[in-house]
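The residues making up each chain are set out below.
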Amino acid sequence: MERVVRIVTDSSCDLPRRLVERFKIAVVPLIVHFGLEVYDDGDLPVEEFWQKAAGPDHPQTSQPSVGTFEEFFGQLVAQGKQVLCLTITGKHSGTFNAAHLAAQRFGEMVKVFDSFSLSLGLGLQALAAAQAAQAGRSMQEILALLEDTRARMRLMIVLDTLENLRRGGRADGFIAIADRMTRALNIKAIINVVDGQLRLLGAARSFQGGLRRVLNLVERLGPLEHLAVVHTRSHEMAEEMANRLAERIGFPRERIWVRETGAVLACHAGAGVIGVLAVPVG
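Reading guide: rules and limits
Residues numbered from 1 in each chain as written. Predicted model: local features only at pLDDT ≥ 70, side-chain atom pairs only at ≥ 80, totals over all residues. Heavy atoms only, no water. Core = buried A, V, L, I, M, F, W, Y, C linked by side-chain atoms within 4.5 Å. Buried < 20%, exposed > 50% of the residue type's maximum accessible area, 1.4 Å probe, protein only. Helix = DSSP H or I, 4+ residues; strand = E, 2+ residues; numbered from the N terminus. Contact = heavy atoms within 4.5 Å. Disulfide = S-S within 2.5 Å. Pairing = 2+ DSSP bridges. Right-handed = clockwise from strand over helix to strand, strands pointing away. Axes fitted to C-alpha atoms, helices over the stretch in contact; angles between N-to-C directions. Expected span 1.5 Å × (residues − 1). Arc of directions from axis to C-beta.

Draft legend 1. Quick peek at the nonpolar core. Residues I7, F49, L84, L86, L118 and I142 are the most contacted members of the largest nonpolar core, which totals 49 residues. It is helix α5 (residues 120-134) that provides the largest number of residues to this core, a total of nine residues. What F49 contacts, discounting residues up to four positions off in sequence, is V32, F34, L44, P59, A263, A266 and C267. Core analysis: the second largest hydrophobic core is formed by 23 residues, M156, L211, V214 and V218 among them.

Pasting the structure below:
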């Protein structure tokens, strides 16, 4: 008899609390630092985070400890559950490695899966896994579902500035060239996530031009299973982007999620970011 599978993820997933609670997803908080002040991601309301971010101490982040993951896993394993933990891309965070190390204590009872994504890219995978687990699917079936979803996922992000990414060292592979290009030509960078790595996708002469480029790219993907818009401090623009996507692509507007990303990703993206997450039909 297959054991019941429970889903664990990290707080960068940006899932609404109502879905986390409904599908019994355990969320391990990442850590946010303002100088000597340390907070669990989620403890700071969004408005307070941005007030602090405007102060003298630039926010920094770190992954949860191995011990924190062990505690979460241990509680579920003690209840006789199998555990599947999904994390933010391991290419830009140590969170996957911390979870993987913690899982070693529990043998086959705990599996760790790298989402190769960010924000709702992770969140939608965690939600799909939790829905499958609630439907009684086995660990092997859920992992196969995730591998398929992960392979189809597309995340494209328009940045107002690369300053925060440069400070955080989260995109060293392309940041030097892209930063010089955007500064010299006064253009906006468009990045995407490829196999978990942030890559420079293109550039536009204006932020709106960047959004039009993303809109065109999403339109070429064909029929979509999921569509979402994530942002930092740009709610009206994100809602407008969702409206434009619905009109252009014919995707039901009520099914397009619009979410402001939490503190961890906001630290590295800064204000004025719009990302579009699209999952083509398999």
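Draft legend 2. Layout of the state of the cysteines. All told, the structure shown has zero disulfides when counted by the stated rule. Cysteine C85 shares no disulfide, and the gap to the nearest cysteine sulfur, in C13, comes to 11 Å. A relative accessible area of 0% means that C85 is categorised as buried.

Draft legend 3. Fine view of the pairing of strand β7 (residues 110-114). The element β7 is extensively covered by neighbouring structure, given that four of its five residues are classed as buried. Two strands pair when backbone bridges link them, and strand β6 (residues 82-87) and β7 are joined in this way by five bridges, in the parallel orientation. Along β7, the bridge assignment pairs C85 with V112. Each parallel crossover has a hand, and for β6 linked through helix α4 (residues 95-103) to β7 it is right-handed.

Draft legend 4. Molecular detail of the sheet that holds strand β8 (residues 154-159). Across the sheet, six strands lie side by side as β10-β9-β8-β13-β11-β12; this open sheet has mixed pairing. Unpaired on one side and paired on the other, β10 (197-204) and β12 (257-260) mark the two borders of the sheet. Here the average twist between neighbouring strands, direction ignored, is 20 degrees. Of the pairings in the sheet, the one linking strand β11 (residues 224-232) to β12 comprises four bridges and is parallel in character.

Draft legend 5. Inspection of helix α10 (residues 235-249) at higher detail. Compared with an ideal rise of 1.5 Å per residue, which puts 15 residues at 21 Å, α10 spans 21 Å between its outermost C-alpha atoms and is within 8% of the ideal. Considered for burial, the residues of α10 that qualify are A238, M241, A242, L245 and A246. In an axial view of α10, the angular spread of the buried residues amounts to 135 degrees, which keeps them on one side of the axis. Along α10, the residues that are exposed and aim more than 90 degrees away from the buried face are E236 and E247.

Distances and angles like these do not, on their own, reveal function.
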